[in-house]
Amino acid sequence: MPDPLHQYREDGWTVFPPDPAVAAWAGACASVAREMLVDPALAQGYRCDGTWFAGVNALENDATGAVPGRVPPLSGAAVAFVRGALGHGDVSWDRAQVSVVFPGYPRHGAEDTEASFRYRHTRCAAHVDGLERSMPDRRRRLSETHSFLLGIPLGEAGEDEGAFVVWRGSHEIMRAAFAEAYAGHDPADWFGIDITDPYVAARKRCFEVCEPVRIAPGMGAAYVMHPLALHGVAPWEGAGMTPRMVAYFRPDAFAGDPARWITA
Ligand SMILES: [Fe+2]
């Protein structure tokens, strides 16, 4: 495979081929995930008229990525990559999102406006993580400074079945836009700054010049994405009926030092 660090820096993500340690983790996590889908306590996790279970922070894993008694600690090539090549050492794993996309995604749910529903279809609801749209003005401000995103497929689904989409090279366009917008501001104040206009302009630029690439590897694989990369979920176009399940980890090691979010 190409050098993972080179690909991560150039493209904004890297995909690791299936390995036994990740396959064991994913297999165990998949059975937990299937129980979550029918847990009444998690029913509020459904979006898009039932075609997406967002499952944000829904997995009850510990800092090793394990669910005691059910799922082993995280290990494998992608974990070694974030610890070593990305320099995160002993990562303290956050509670994973368990995202499940169903056939027919996206349908129009109550949480979508006409514009946001259209954006799911035309642009895969593309966004950069960690920018919160605060009410009542719906302007965007920095809320979380993730170190990276680790995605672990919990099953097999094709590229035309609700795939994860990343805009190649978008992290560098975003990096330049955020660096300019925050220049001259104390990093401690960044969380209060309205970033909407530079973000939307940078996103438009990404759509113009970056290639959207679908990331849909199978069981045992894993992918690591740069925290500034523009990404989303493609509409379900295929005939398959097996939902796409993926666990996403987003450790936030830069919360006390947001400048590292745009320099890392
Ligand atoms: Fe996201």
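As shown above, the structure is provided for reference.
Bear in mind the structure is a predicted one, so any value in this text is a computation, not a measurement. Residue numbers restart at each chain and count upward from 1, following the sequence in its written direction. A pLDDT threshold of at least 70 governs which residues receive local features in this predicted model, and a stricter bar of 80 or more applies before side-chain atom pairs are shown or counted, although totals over entire chains, interfaces and linings include all residues.

## Re the overall build of the protein
Now for step 1: Each helix is a run of DSSP H or I of at least 4 residues and each strand a run of E of at least 2, with the numbering of both proceeding from the N terminus. Within the protein one finds seven helices and twelve strands.
Now for step 2: Against the globule reference of 18 Å for 264 residues, the protein gives a C-alpha radius of gyration of 18 Å, in line with a compact fold.
Now for step 3: Based on the C-alpha atoms only, the size of the protein along its principal axes is roughly 50 × 45 × 35 Å.
Now for step 4: Put plainly, a residue is buried at 20 or more neighbouring C-beta atoms within 10 Å of its own, exposed at 12 or fewer, and partly exposed in between, counting only other residues' C-beta atoms, which are placed from the backbone. A buried classification covers 41% of the 264 residues belonging to the protein. Based on C-alpha atoms, the radius of gyration is set beside the globule rule, defined as 2.2 Å times the residue count to the power 0.38.

## As for the pairing of strand β12 (residues 244-249)
Now for step 1: With six of six residues buried, β12 is to be regarded as a mostly interior element.
Now for step 2: We treat two strands as partners when DSSP finds at least two bridges between them. Bridge count between strand β7 (residues 149-153) and β12: four bridges; the pairing is antiparallel. In the sheet register, P153 faces β12, and the bridge partner there is V246.

## Quick word on the nonpolar core
Now for step 1: Among buried residues, those of type Ala, Val, Leu, Ile, Met, Phe, Trp, Tyr and Cys that are joined through C-beta atoms within 7 Å form a set called a nonpolar core. One finds A78, L150, I152, V224 and A247 to be the most contacted residues of the largest nonpolar core, which totals 74 residues.
Now for step 2: Among the elements that make up this core, the one with the highest residue count is helix α5 (residues 170-182) (six residues).
Now for step 3: Distance between backbone-placed C-beta atoms decides contact: two residues are in contact if it is within 7 Å. Other than its neighbours up to four places away in sequence, L150 contacts A78, V82, A222, V224 and F249.

## A few points about the packing of α5 against helix α6 (residues 196-209)
Now for step 1: For the pair α5 and α6, the least separation of the axes is 9 Å and the interaxial angle reads 155°. Considering their axes alone, α5 and α6 lie roughly antiparallel with respect to each other. Note that α5 runs across α6; the crossing there is right-handed. Mapping the contact onto sequence places S170, I173, M174, A177, E180 and A181 in α5 and P198, Y199, A201, A202, R205 and C206 in α6.
Now for step 2: Side-chain classes are defined by residue name, with Ala, Val, Leu, Ile, Met, Phe, Trp, Tyr, Cys and Pro counting as nonpolar, Asp, Glu, Lys and Arg as charged, and the others, Gly among them, as polar. Taken together, the residues that form the contact of α5 with α6 break down as nine nonpolar, one polar and two charged. Axis definition: a line fit to C-alpha positions, over the contact stretch in the case of helices; interaxial angles, taken between N-to-C directions, run 0 to 180 degrees. Orientation labels follow simple angle bins: below 35 degrees gives roughly parallel, above 145 gives roughly antiparallel, 65 to 115 gives roughly perpendicular, and whatever is left gives oblique. Crossings are assigned a handedness: left-handed for a near helix turned anticlockwise from the far helix by less than a right angle, right-handed for a clockwise turn.

## Observations concerning the environment of G238
Now for step 1: Looking at the element boundaries, G238 is found in the loop between β11 (231-233) and β12.
Now for step 2: Residue class for G238 comes out partly exposed when judged on the 15 C-beta atoms lying within 10 Å of it.
Now for step 3: Along the primary structure G238 and E159 are separated by 79 residues, whereas in three dimensions their C-alpha atoms are 8.4 Å apart.
Now for step 4: The residues touching G238, leaving out its near neighbours within four places in the chain, are G158, D160 and E161.

## What to know about unusual backbone geometry
Now for step 1: Y105 connects to P106 through a cis peptide bond whose omega is -5°.
Now for step 2: Tracing the chain through its elements places P106 in the loop between β4 (97-101) and α4 (114-123).
Now for step 3: We note that D49 has phi near 50°; this positive angle belongs to a residue other than glycine.
Now for step 4: Mapped onto the fold, D49 is located in the loop between β2 (46-47) and β3 (52-53).
Now for step 5: Positive phi outside glycine occurs at A125, with the angle close to 55°.
Now for step 6: Looking at the secondary structure, you find A125 in the loop between α4 and β5 (131-134).

## What to know about helix α2 (residues 20-37)
Now for step 1: How far a helix is expected to stretch is found by multiplying one less than its residue total by 1.5 Å. Under the 1.5 Å per step criterion, the end-to-end length of α2 is 26 Å for 18 residues, consistent within 8% with the ideal 26 Å.
Now for step 2: Each element contacted by the buried residues of α2 is listed here: α3 (77-83), β4, β7, β10 (222-225) and β12.

## Notes on the sheet that holds strand β8 (residues 164-167)
Now for step 1: Read across the open sheet, the three strands follow the order β9-β8-β11; overall the sheet is antiparallel. Across the chains shown, the open sheet's two edge strands, defined by having one partner strand only, are β9 (212-215) and β11. Strand after strand, the sheet turns through a mean of 30° between neighbouring axes, direction not considered.
Now for step 2: Pairing between β8 and β11: three bridges, direction antiparallel.

## Let's talk about the sheet that holds β10
Now for step 1: Judged by pairing direction, the sheet is antiparallel, and its seven strands sit side by side in the order β1-β10-β7-β12-β4-β3-β2 without closing on themselves. Across the chains shown, the open sheet's two edge strands, defined by having one partner strand only, are β1 (13-16) and β2.
Now for step 2: The pairing of β2 with β3 spans two bridges and is antiparallel. Within the sheet, the bridge partner assigned to R47 lies in β3 and is W52.
Now for step 3: Docked against the sheet, helix α1 (residues 4-11) engages β1 and β10, running at close to 145° with respect to β1.

## Some remarks on the environment of H121
Now for step 1: Examined against the element boundaries, H121 turns out to sit in helix α4.
Now for step 2: With 57 residues separating them along the chain, H121 and T64 place their C-alpha atoms 36 Å apart.
Now for step 3: Setting aside residues no more than four positions away along its own chain, H121 makes contact with P106 and P235.

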